[in-house]
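Coordinate inspection notes
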Amino acid sequence: MFETPDIYTLVSGSAEGTSRLGAFDNAILKAGIGNTNLIKLSSILPPDSSFQNKIIYPKGVLVPIAYGCVVSGKQGETIAASVAIAISASDGFGVIMEYSGVASAKDAEERVIKMARDAMEHRNMEIREIKSISIEHIVSARYSCSFAAVPMWYSKLL
Amino acid sequence: MFETPDIYTLVSGSAEGTSRLGAFDNAILKAGIGNTNLIKLSSILPPDSSFQNKIIYPKGVLVPIAYGCVVSGKQGETIAASVAIAISASDGFGVIMEYSGVASAKDAEERVIKMARDAMEHRNMEIREIKSISIEHIVSARYSCSFAAVPMWYSKLL
Amino acid sequence: MFETPDIYTLVSGSAEGTSRLGAFDNAILKAGIGNTNLIKLSSILPPDSSFQNKIIYPKGVLVPIAYGCVVSGKQGETIAASVAIAISASDGFGVIMEYSGVASAKDAEERVIKMARDAMEHRNMEIREIKSISIEHIVSARYSCSFAAVPMWYSKLL
């Protein structure tokens, strides 16, 4: 089985590159997770997960992660990525929402916070707390990427 | 390693939402797997897997899953998602095919059944059984999502 | 947790099919991994991983894999997919880059090699070796797919 993660953090990064994937690689490096293997989740915070200010991953490990990501090659455009987690008052279960696109960091963050709130209301769950992170970038002459994520991990591996 | 799943089921759901991701979240809730973390597979039923009418997943777990999914914001459009598994007569190995798009549930299902049948013929495997599921939805004023899937799991965790 | 893979290989395949997913299925069969469940990684070679000329996977297992893949239905078009790994001189850590699109195999491979080299330079890591693979295909009357990948696995399971 896949073991369920029990710790998480929030990260973001923006960067440029000479290719779309290169810009993505540079952005996840800035976010501090560029030397790991990301496995994209769709997108729940497991109950009773514990927030960490920072998680240091060994190189090459497989990291369960929820993320939003945008790459653009259109010079002058403002791009943004954001994630929000709405966390339940009862058991710490959370719904993670992500958004990325042509937007400001502020607009992207307001949007994901609303989406996360809606998702909890739809589940009839009372919200204890909302955590969010957002980042924007003005596209330069090359490819640019903005990335925001909730990487998860295992406390026993710290 | 990732342990190989040994049980599976078929689920589907359609729903609306105020964003694309919100519609997806509501559709997977309707399908009964909305409080888990989906890890998308490409797409084989492991040999000797056992079909379950329903699998109850603990909240937040990482679920290996093959799925088809469509989101549309075009009012009045009929969207559908379908998955089919063609299962081998010899060892229960199966190929899972998914389709989603602007279609009726019936058309989507006929298409994935043909695709799964072709995949087994291409492997020179005799088919014991085909299982499939399909769902359609007429897009309302908001975003709509149709979702069909083969979620897998581990009998020892039931 | 997800255990970190310690062996890897390079594979590629091109094939046709009557649907996009069918063409993909046939291409991964040609690449020798069509009877497994692919879990897409983004995309690091773990330190001290050992290269294998070929890995034989049991049917249905969940395979961590980095890949590039293109499907086209445009008759006569030349498509290609390529992956490259730039491997560090110090600990065998590597960055995997993938590219796929309307291109020749040679152009795709030159591109991913440059991308992998750039990614290591950006990390200030000295390169010991670059491994790469590339494949091209001229699209026929049906859908065609080119696929190139770095599938990983676990030496203890060989």
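The structure we're discussing is the one just above.
We now turn to the structure provided with this report. What you see is a predicted model, and the numbers here were worked out from it, not measured in a lab. (Residues numbered from 1 in each chain as written. Chains lettered and ligands numbered in written order. Predicted model: local features only at pLDDT ≥ 70, side-chain atom pairs only at ≥ 80, totals over all residues. Heavy atoms only, no water.)

A closer look at the relation of the copies chain B and chain A
These two copies of the chain differ by a rotation about an axis and a displacement along the same axis. We count it as follows: Here the copies are superposed with least squares, the fitted atoms being C-alpha atoms of residues at a pLDDT of at least 70 in both.
Its rotation angle being 120 degrees, the transformation that places chain B on chain A also includes 0.0 Å of axial translation and leaves an RMSD of 0.0 Å. Within this description, the copies of the chain are treated as partners about a three-fold rotation axis. Taking the C-alpha atom as reference, chain B places Phe2 of chain B closest to the rotation axis, 3.7 Å from it.

Let's talk about the pairing of strand β2 (residues 11-17) of chain A
Residue and element names in this part refer to chain A. We apply this condition: Relative accessibility decides the category of a residue: with a 1.4 Å probe and only protein chains considered, values under 20% of the type maximum give buried, values over 50% give exposed, and everything between is partly exposed. Numbering of helices and strands runs from the N terminus, with a helix taken as a DSSP run of H or I at least four residues long and a strand as a DSSP run of E at least two residues long. When DSSP finds two or more bridges between a pair of strands, those strands are recorded as paired.
Counting buried positions along β2 gives five out of seven residues, so the element sits mostly inside the fold. Pairing analysis gives seven bridges linking β2 to strand β10 (residues 143-153), with the strands arranged antiparallel. When the bridges of β10 are listed, Ser14 appears paired with Ser146.

A short note on the packing of aromatic side chains
Geometrically, a pair of aromatic rings is defined through the distance of the ring centres and the angle of the planes. Defined as follows: Planes of paired rings set the category: under 30 degrees apart is stacked, over 60 is edge-to-face and the rest tilted, where pairs are Phe, Tyr or Trp rings (Trp by its six-membered ring) whose centres lie within 6.5 Å. Placement of a positive charge over a ring is assigned whenever Lys NZ or Arg CZ falls within 6 Å of the ring centre and within 35 degrees of the normal to the ring plane.
In total, this model carries 21 aromatic pairs over all chains according to the counting rule given. With 5.4 Å between their ring centres and 65 degrees between their planes, Phe2 of chain A and Phe2 of chain B make a pair best called edge-to-face. With one member in each of two chains, Phe2 of chain A in the segment before β1 (7-8) and Phe2 of chain B in the segment before β1 (7-8) form a pair that bridges those chains. Each member of the pair Phe2 of chain A and Phe2 of chain B is classed as buried. Here Phe24 of chain B and Tyr67 of chain B contribute two aromatic rings whose centre-to-centre distance is 6.2 Å and whose plane-to-plane angle is 45 degrees, an arrangement assigned as tilted. Here Tyr67 of chain B lies in strand β6 (residues 62-72) and Phe24 of chain B lies in helix α1 (residues 20-30), a separation of 43 residues in the sequence. The same class applies to Phe24 of chain B and to Tyr67 of chain B, which are both buried. By way of ring pairs, the aromatic residues Phe2 of chain A, Phe2 of chain B together with Phe2 of chain C are connected into one cluster. The ring centre of Phe51 of chain B lies 4.2 Å from the NZ or CZ of Lys131 of chain B, which sits over that ring.

A word on the sheet that holds strand β9 (residues 127-138) of chain A
Residues and elements named next belong to chain A. The strand order β4-β8-β7-β9 describes an open sheet built from four strands, whose pairing is antiparallel. The two strands at the open ends of the sheet, each matched to only one other strand, are β4 (44-45) and β9. Examined bridge by bridge, strand β7 (residues 78-88) and strand β8 (residues 94-102) share nine bridges and lie antiparallel to one another. Across the sheet, the residue bridging to Ala81 is Ser100, located in β8.

A few points about the interface of chain C and chain A
Here is the rule: Any two residues having at least one pair of non-hydrogen atoms within 4.5 Å are treated as being in contact. Once two parts are brought into contact, the accessible area they lose, counted with a 1.4 Å probe and summed over both, makes up the buried area. The salt bridge criterion pairs a side-chain nitrogen of Lys or Arg with a carboxyl oxygen of Asp or Glu, the two atoms within 4 Å. Counting of polar contacts relies on pairs of N or O atoms within 3.5 Å, with two restrictions inside protein: one atom must be capable of donating a hydrogen and the other of accepting it, and residues adjacent in sequence are counted only when both atoms are side-chain atoms. Nonpolar residues are Ala, Val, Leu, Ile, Met, Phe, Trp, Tyr, Cys and Pro. Charged residues are Asp, Glu, Lys and Arg, and all others, Gly as well, are polar.
Listed as interface residues are 27 residues of chain C and, on the opposing side, 22 residues of chain A. Both sides together, the interface formed by chain C and chain A hides about 2,100 Å², and carbon and sulfur atoms give 63% of it. Across the chain C-chain A interface, the total number found is two salt bridges. Notably, a salt bridge pairs Asp25 of chain A with Arg123 of chain C, separated by 2.8 Å at the nearest N-O pair. Taken together, the connections running from chain C to chain A amount to seven residue pairs in polar contact (both at pLDDT 80 or more). Those elements giving two or more residues to the side of chain C that touches chain A turn out to be β3 (37-40), β6 (62-72), β8 (94-102) and α2 (105-122) of chain C. For the side of chain C that touches chain A, the element with the highest residue contribution is α2 of chain C, accounting for five residues. Of the residues contributing to the side of chain C that touches chain A, the split by class is 16 nonpolar, four polar and seven charged.

Some points on the environment of Ser132 of chain B
All names here are of chain B. With respect to the secondary-structure elements, Ser132 resides in strand β9 (residues 127-138). Under the relative-accessibility criterion, Ser132 is labelled partly exposed at 25%. Between the alpha carbons of Ser132 and Val150 there is a distance of 9.3 Å; along the sequence they are 18 residues apart. Ignoring anything within four residues of it in the chain, the contact list for Ser132 reads Leu10, Val83, Ala84, Glu109 and Ile113. Within the local environment of Ser132, its side chain forms a polar contact with the side chain of Glu109, the two groups lying 2.6 Å apart.

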